[in-house]
Each structure stands twice: as structure tokens, then as C-alpha cells.
Amino acid sequence: MVAMLLALMAGGVGPAAAHGEQSDEAAVLVRQAIALIVSSPDDLGEIEEKTSAALEAPDPSGVDLALVQQADAALAAGEDVAQVRVILERSIGAGPVGGPAEESTVEEPEPQAATAAEPEPAPSAEPLPSEAWAAAEPESVQSADPAPSESGTAAVPGDGGMDQMATGADPGSTLIAEPLETAPQLDATDWIVLAGSILVGLIGVWLILRYRPATGREAT
Amino acid sequence: MTADNQVATESPVDRQRSGDGFVAALDERLGLSALQYPVPEHANTLGWSLGGLTAASMGVLIATGLILTQFYNPTPEMANPSVRAIVTDVPLGGFVRGVHFWAAQAMYVLVILHLLRVFLTGSYKRPREANWLVGVVMFALVIGAIFTGTVIKWDQEGFEALAHNLEMANLLGGLGAWFSADFAENLPIIVRLYVAHVAVIPGLILGLLAVHFLLIKRHGISADPATGATGPTAPFTHHLRRLAGFTLIAVGILGVLGVLFPPEIGPTPVEGIEITRPLWMFWWLFTLENWFGIPAILWGTVGLFGLLAAVPFIDRGGDRFWRRRPVAVTAAVIVVLTVIGLTITTMLTSAVEHL
């Protein structure tokens, strides 16, 4: 206990590194921008901060910075964040079309993209990356093969085979899936389970009434 | 003639006459009648059944957890997708996960209520100090189980919880080595947390539960604190059947919650950002962190559990009735209100405002 307290005192008081330190990897910053789009799409300032930081990151490996630039410009122009997300996912090879692993499939940003007058249109007819992710086989996430999977999800650069699987506190996935809403659409099975649960509870009520203490006294 | 020979020469009719058939046969072999020992009748009330209900919640958690482990994949790449698959692909998987989720919350609440009941009735006083300490350790383990369960679903919320854990491991230096990702750097930390969640922590809880029960049996259920008298007694089996009733009610409620309010699964995690709030039971620590930084999480936790552990050594007076222990009860009320106040503070704060 004393040792723990001493360790704490040595730690001092202040914001944690987890909260304040900016990554120097563009790929991480792009993923953070995507996560912010998924979780708080209205917080445009934070998202733009991440894309800008990604453009200036010391380690740009694994990221198509031209696409990040395009996404950054689209954000500045107030474009739909869903489209920005698609561009960002493509920039790290996590989108439906592929990223740096498929340079030939990625359009170079046009000059006007810098002003975001005409950002890369999002293929609205195509599934969102999250949907493609959900449908993807595990191998498509982990495979070293950079070719897109049947579901259209490109392989993730750096996410190789067994010898390259995540270790330590690595989150292990490049794709950012949407939260899975689990609000119940009650079907027949759910109704049966619900009725069974209520029945079990009622049996419990009967039992405690049947066997209540003779004195009926409650705890002090 | 030996006793064995005597049994061998008994006819089935004799055996049936000597007992109540099947129950008697079971009793002869398992000694079930030993459970008929007398306990105070007040043990059959809800307040004195909270410990048993906590154990029942543990049973629900183990049963549902066993099912979930058949489909969960504890690797960083597949943990979150496998939880989603449990909900969307496994028959009744969402329901089982929902019951597991709510049973964990129920166990947390029941542990606290049980601790409060024991505190208010002074049931930790001599000679029951050791059992109080065992209970406090089990409370810490329950929190550990909830924490690891949060992390291993491997969504943004769980990953942010892990990030705090790693920060605290750094603060603790060598003492926090096991909680650090560097402890086994070639292994994903989620695997070790999964092992802790499904084996280490439940194993420790079950072991301590056995000690807890043995000490209750050794010292007996404490007397009515208002009178100091044991009062009327009833067989322990009556306590068990009453507890079975409470347990069925709890299971029914958990089932309804599991169907109507299934827990969601957050987005796959990204390191280095904080955009979620933890589970509500950690909100008081979240507020402390907002005010004083990461070390406050450890300060708060160590402080609370230090206080809990010290209770039987500070409040050593003979009186057990709460009205005759104004200082102890006032101190407890202050602690409880502080935790509730800190919790409400986080409830009113958006995750984005965190730090």
C-alpha cells in the first residue's frame, strides 16, 4: 500500500499522456479522424484537426496524403462527413476501393480539390466501408494480400498474416465499424423469452410469499 | 456384525420406511440434512439475503459466460467482430449477452447493497472482521471483472478503459507491470485480460466465496442488531428456498432487461482519442480524473478500498445498531454521498469535455 502511494505521488497530477499526446503517424491520425466521424460527426473542428495533423505527421507511411488533402479540403468546404470518411478510409487502404496498395485505382486529387469545390464524390450506391467491413471475411482484414476481398474491402497495409498480427495494446484493425445498434425488434423468439422471463420472476414472487418468515419482520 | 453388513441386510422396504424415499436416499449419501442447522429467522428477509443474491448473480454470470466463450474470439482483430457475430448470428446470442451484461451490473449493485447492510447492522464487528475483509477483496475483484469485461468487447469504450489502465500501470512502475502491454510484448494484452476475465478473477472470487461461506458458518449469522438477541430460528434450508425465490425474481428481471435493453457494441477502437464515457460504475472516478488527472483514479480507488478495509479496525465499539453509531454512520453517509455526487457530475458532463 505504501509503495503504491509513493508511486502515485511520484506520478504527480496532470493530464495523462493518453489524452494529450498527438501521434506522429499519419495512419493513426487518419484513423482517429474516421473514429471521430463515426462517433461525433458534428464535431468538425476536431475532425479537421486530425486530418491537418495527418498531413503534417512526421511518419506518413501507409497513407495516401493526396487523399487526406482531399478530405481535409472537403471538410473545410463543409461537405458531407460521410463522403469525407470514404475518402479517408481509401487513404489508408481501408475503403471499398483500396488505398496505397492500389495506387492505380486512386484518383489523384484535382487542383480544385484544394479548394474543395468538387471533392471526390462518394459512391453512394456502394456500401459504406462499415457495411463492407461487417460483411468481410476475417482473412480480408488480416491477409497480406492487398487485393480487395469479394465484399470490396481492401486489405489493410501492415495487417499481415499470423506473423504480423497485433500484439501489445495494438487495436488490431484499420477499419472503423459503426456502433452496432441493438435496439430490439422483437420477433417471436424474443416474445417467448420475454414471457418465460416474466414467468420465472412470477414463480419467484410466489416462492418468497409462500415461504416468507413467520414473523414477517424486515431487516433493521 | 459391522455397520456395513447391517446396511446390506436391510430390505428396500425397510429403507423406504426409515426415510422419505428418494430424499432420504439422497440424504443418506450426501448428508443433505446437515443443511438443516438453525439460523436466525431474520436471515430470511431480503436485506439479509443480499449476499446470497450476489452469489446467485455470479452463477448467472458463469452460466452465460460459458456460452459466450464458445463464440468469442479474444484477438484484437476479431474480438469486436466476434461480439457482433454473437448478437447477430448466434441463436439467442444477443439475449445471452444481454443477460450477462445486466447480471454484471446486478452483481455490482448487490455487492454494494450487501456491504451497506453489513455495515449498517455492524455485522463486521468482532469476530467477523476477517470475513468483512474477504468481502472487500471480493468487491474489488467484481470491479476487476467488470473492467476486464468492458475491455474485451474491444470497442472504443473498452479500448479507452484499457488506455487508462495502461496509464495507471505506468504510474505504478514495477507494481503495475502485469497491467502493462510490455509485460508480454509478443502477446496482445486482450488475451491476458480475457484470461483474467474468464479464469483468474472468477477463480479467485469462487475461492474467496468458499472462505466467506465457511466463516459465516463458523461465526453464524449475526444477531438482530436492535436487540442483540438471535431471536427465533429456522432451518437453513428455509433460507435457501427463500433465496431461491429472490433469485428467480432476479433472473426474471435480468431476462426482461436482456430482451428489452440489450447492450450496444461500440465502434472498433482507435488509439489516442477519448470520445466515450466508461460504464456508470466508474463515473465517480471519471470525475476525479477530470479534476485531478489520471493519478486521481488510483488515489480514489486506493482511498475507497483503504477506508473499506479499515472499517472493522476503526469502528470497534460493541454497539451494532446503526442509531447508536452516529459517527460511523455519518462517515459512511458522507462517503456514499460523495461517490454519488461525483457520479452525477459525470452524468451531466459530455465525454468530449473530459480533460
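Structure's up top.
Residues numbered from 1 in each chain as written. Chains lettered and ligands numbered in written order. Predicted model: local features only at pLDDT ≥ 70, side-chain atom pairs only at ≥ 80, totals over all residues. Heavy atoms only, no water.

**What about the overall build of chain A?**
In step 1: Secondary structure assignment for chain A yields nine helices and zero strands.
In step 2: Ordered by position in the sequence, the α and β elements of chain A form the string α-α-α-α-α-α-α-α-α.
In step 3: Across the 220 residues that make up chain A, the buried fraction comes to 41%.
In step 4: Intrachain contacts of chain A at a sequence separation of at least 6 include 60% that bridge at least 24 residues. (Helix = DSSP H or I, 4+ residues; strand = E, 2+ residues; numbered from the N terminus. Buried < 20%, exposed > 50% of the residue type's maximum accessible area, 1.4 Å probe, protein only. Contact = heavy atoms within 4.5 Å.)

**Some thoughts on the overall build of chain B**
In step 1: Scanning chain B for helices and strands turns up 13 helices and two strands.
In step 2: Overall, the C-alpha framework of chain B stretches about 80 × 55 × 40 Å when taken along its three principal axes.
In step 3: For chain B, the proportion of its 355 residues judged to be buried stands at 50%.
In step 4: Here the contacts in chain B between residues at least 6 apart in sequence split such that 81% fall between residues at least 24 apart.

**Quick look at the side chain of Glu-274 of chain B**
Residue and element names in this part refer to chain B.
In step 1: Relative to the helices and strands, Glu-274 is located in the loop between α10 (236-260) and α11 (283-292).
In step 2: No salt bridge is formed by the buried Glu-274; the nearest opposite charge belongs to Arg-277, separated by 9.9 Å.
In step 3: Among the polar contacts made by the side chain of Glu-274, one reaches the side chain of His-164 at a distance of 3.4 Å. (Lys, Arg positive; Asp, Glu negative; His and termini not counted. Salt bridge = Lys/Arg side-chain N within 4 Å of Asp/Glu carboxyl O. Polar contact = N/O pair within 3.5 Å; in protein donor to acceptor, adjacent residues only side chain to side chain.)

**Regarding unusual backbone geometry**
Residue and element names in this part refer to chain B.
In step 1: Arg-126 connects to Pro-127 through a cis peptide bond whose omega is 15°.
In step 2: Here Pro-127 is to be found in the loop between α6 (93-120) and α7 (129-152).
In step 3: In this model, Leu-92 sits at a positive phi of 60°, which is unusual for a non-glycine residue.
In step 4: Among the secondary structure elements, Leu-92 is positioned in the loop between α5 (79-88) and α6.

**Thoughts on the environment of Ser-61 of chain A**
Residues and elements named next belong to chain A.
In step 1: Relative to the elements of secondary structure, Ser-61 occurs in the loop between α4 (44-55) and α5 (65-76).
In step 2: Residue class for Ser-61 comes out partly exposed when judged on its relative accessible area of 46%.
In step 3: Counting along the chain gives 40 residues from Ser-61 to Glu-21, while the straight-line C-alpha distance between them is 19 Å.
In step 4: One polar contact links Ser-61 to Asp-59, side chain to side chain, over a distance of 2.7 Å.

**Brief notes about the pattern of salt bridges**
In step 1: A complete count under the given rule lists nine salt bridges over all chains for this structure.
In step 2: Among the salt bridges present, the one from Arg-85 of chain A reaches Glu-89 of chain A, with a minimum N-O distance of 3.3 Å. Of this pair, Arg-85 of chain A and Glu-89 of chain A are both found in helix α6 (residues 81-91), four residues apart, which corresponds to roughly one turn of the helix. For the residue pair Arg-85 of chain A and Glu-89 of chain A, the accessibility class agrees, reading buried in each case.
In step 3: Between Arg-29 of chain B and Glu-28 of chain B there is a salt bridge, with its nearest N and O atoms 3.5 Å apart. For the pair formed by Arg-29 of chain B and Glu-28 of chain B, the shared burial category is exposed.
In step 4: Connected via shared salt-bridge partners are Arg-85, Glu-89 and Glu-178 of chain A.

**Examining the packing of aromatic side chains**
Residue and element names in this part refer to chain B.
In step 1: Taken as a whole and judged by the stated rule, the model has twelve aromatic pairs over all chains.
In step 2: Pairing Tyr-108 with Phe-139 gives two aromatic rings, centres 6.1 Å apart and planes at 45°, and the pair type is tilted. Of this pair, Tyr-108 sits in helix α6 while Phe-139 sits in helix α7, placing them 31 residues apart in sequence.
In step 3: Judged by its relative accessible area of 8%, Tyr-108 falls in the buried class.
In step 4: For the pair Tyr-124 and Trp-132, a centre-to-centre distance of 5.1 Å together with 55° between the ring planes defines the contact as tilted. Judged on exposure class, the residue Tyr-124 and its partner Trp-132 are both buried.
In step 5: If you follow Arg-192 out to its NZ or CZ, it ends over the ring of Trp-178, 5.2 Å from the centre.
In step 6: Note that Arg-325 overlies the ring of Phe-119, its terminal NZ or CZ placed 5.2 Å from the centroid. (Phe/Tyr/Trp six-rings, centres within 6.5 Å; stacked < 30°, edge-to-face > 60°. Lys NZ or Arg CZ within 6 Å of the ring centre and 35° of its normal.)

**So, α4 of chain A**
Residue and element names in this part refer to chain A.
In step 1: With twelve residues, α4 should cover 16 Å at 1.5 Å per step; its first-to-last C-alpha distance of 17 Å lies within 8% of that length.
In step 2: Buried within α4 we find Ile-47, Lys-50, Thr-51, Ala-53 and Ala-54. Down the axis of α4, the buried set is contained in an arc of 160°. They therefore lie on one face. (Expected span 1.5 Å × (residues − 1). Arc of directions from axis to C-beta.)

**Focus: the interface of chain A and chain B**
In step 1: The interface is formed by 69 residues belonging to chain A together with 78 residues belonging to chain B.
In step 2: Here chain A packs against chain B, burying approximately 6,000 Å² in sum over the two surfaces, 70% of which is carbon and sulfur.
In step 3: Summed over the shared surface of chain A and chain B, the result is one salt bridge.
In step 4: Among the ionic pairs, Arg-31 of chain A bridges to Glu-271 of chain B, the shortest N-O distance being 3.1 Å.
In step 5: Taken together, the connections running from chain A to chain B amount to twelve residue pairs in polar contact (both at pLDDT 80 or more).
In step 6: For the side of chain A that touches chain B, the elements supplying multiple residues, two or more each, are α1 (2-11), α2 (17-20), α3 (26-39), α8 (138-142) and α9 (188-210) of chain A.
In step 7: Looking at the side of chain A that touches chain B element by element, the count peaks at 14 residues for α9 of chain A.
In step 8: Of the residues in the side of chain A that touches chain B, the class split is 42 nonpolar, 17 polar and ten charged. (Buried area = accessible area lost by both parts, 1.4 Å probe. Nonpolar A, V, L, I, M, F, W, Y, C, P; charged D, E, K, R; others polar.)

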